[in-house]
Amino acid sequence: MGLGGCIILIAVGAILTFATDWHMSGVNLDLVGVIFMAVGLIGLATFSGIARRRRVVMPPATPIVEEEPHHHHAHRDGYNDGYGV
């Protein structure tokens, strides 16, 4: 049962409980509606828990930095080229 099925169960249960005035012998429609809503809420909680565990978090894309060609200077004091040599 997916997210849509859970929402439909909750809606049908609410309709049976709050919006109908039917009386059937041997069946309490208010109780049936409450059961539908409870099952829909349990399914919704289960579905969201499974969906939360399945969610794959991708690390942010690392930008590709192209290295610039090294310019050889006549004077190298060890700090200009970034290597400390």
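Structure: see above.
Overview of the structure. (Residues numbered from 1 in each chain as written. Predicted model: local features only at pLDDT ≥ 70, side-chain atom pairs only at ≥ 80, totals over all residues. Heavy atoms only, no water.)

**A few points about the overall build of the protein**
Next up, step 1: For the protein, the helix and strand inventory stands at two helices and zero strands.
Next up, step 2: Per-residue burial for the protein yields a buried fraction of 14% across its 85 residues.
Next up, step 3: When the accessible surface of the protein is split by element, carbon and sulfur atoms take 66% of a total near 7,500 Å². (Helix = DSSP H or I, 4+ residues; strand = E, 2+ residues; numbered from the N terminus. Buried < 20%, exposed > 50% of the residue type's maximum accessible area, 1.4 Å probe, protein only. Areas by Shrake-Rupley, 256 points an atom, 1.4 Å probe, with all protein chains shown as cover.)

**Some remarks on the environment of Thr 20**
Next up, step 1: Mapped onto the fold, Thr 20 is located in the loop between helix 1 (3–19) and helix 2 (29–54).
Next up, step 2: On the basis of relative accessibility, which here comes to 19%, the residue Thr 20 falls in the buried class.
Next up, step 3: Sequence separation of Thr 20 and Asp 30 is ten residues, and the distance between their C-alpha atoms is 8.7 Å.
Next up, step 4: Reaching out from Thr 20, the side chain makes a polar contact with the backbone oxygen of Leu 16 at a distance of 2.8 Å. (Polar contact = N/O pair within 3.5 Å; in protein donor to acceptor, adjacent residues only side chain to side chain.)

**A closer look at a nonpolar patch on the surface**
Next up, step 1: Side chains of Ile 8, Val 12, Leu 31, Ile 35, Phe 36 and Val 39 sit close together on the surface and give an oily, nonpolar patch of about 490 Å² of accessible area.
Next up, step 2: If you list the elements that add at least two residues to the nonpolar patch, you get helix 1 and helix 2.
Next up, step 3: In terms of residues, the nonpolar patch owes the most to one element, helix 2, which gives four residues.
Next up, step 4: You can see Val 12 is positioned in helix 1.
Next up, step 5: What makes Val 12 partly exposed here is its relative accessible area of 34%. (Patch = residues over 30% accessible without salt bridge, like charges linked within 9 Å, V, L, I, M, F, W, Y side chains within 5 Å. Salt bridge = Lys/Arg side-chain N within 4 Å of Asp/Glu carboxyl O.)

**Quick word on the packing of helix 1 against helix 2**
Next up, step 1: Packing of helix 1 against helix 2 leaves a shortest axis separation of 7 Å and a crossing angle of 155°. By the angle class used here, helix 1 and helix 2 are roughly antiparallel. Read as a crossing pair, helix 1 and helix 2 show a hand that is left-handed. (Axes fitted to C-alpha atoms, helices over the stretch in contact; angles between N-to-C directions. Parallel < 35°, antiparallel > 145°, perpendicular 65-115°, else oblique. Left-handed = near helix turned anticlockwise from the far one by under 90°.)

**Here's the deal with helix 1**
Residues separated by three or four positions in an α-helix point in the same direction, a consequence of the helix having 3.6 residues per turn.
Next up, step 1: Between its terminal C-alpha atoms helix 1 stretches 23 Å, which fits the 24 Å expected from 17 residues at 1.5 Å a residue.
Next up, step 2: Among the residues of helix 1, those classed as buried are Cys 6, Gly 13, Leu 16 and Thr 17. The buried residues of helix 1 occupy an angular sector of 100° when the element is viewed end-on, so they sit on one face. Facing away from the buried surface of helix 1 by more than 90 degrees, the exposed residues are Ile 8, Phe 18 and Ala 19. (Expected span 1.5 Å × (residues − 1). Arc of directions from axis to C-beta.)

**Observations regarding helix 2**
Next up, step 1: Counted at 1.5 Å a residue, the expected span for helix 2 with its 26 residues is 38 Å, and the 37 Å between its end C-alpha atoms agrees.
Next up, step 2: Burial in helix 2 covers these residues: Leu 29, Gly 33, Met 37, Gly 40, Gly 43 and Gly 49.
Next up, step 3: Looking at the buried side of helix 2, the elements it contacts are helix 1.
Next up, step 4: Between the side-chain oxygen of the N-cap and the backbone nitrogen of Asp 30 there are 3.2 Å, and the N-cap of helix 2 in question is Asn 28. (Contact = heavy atoms within 4.5 Å.)

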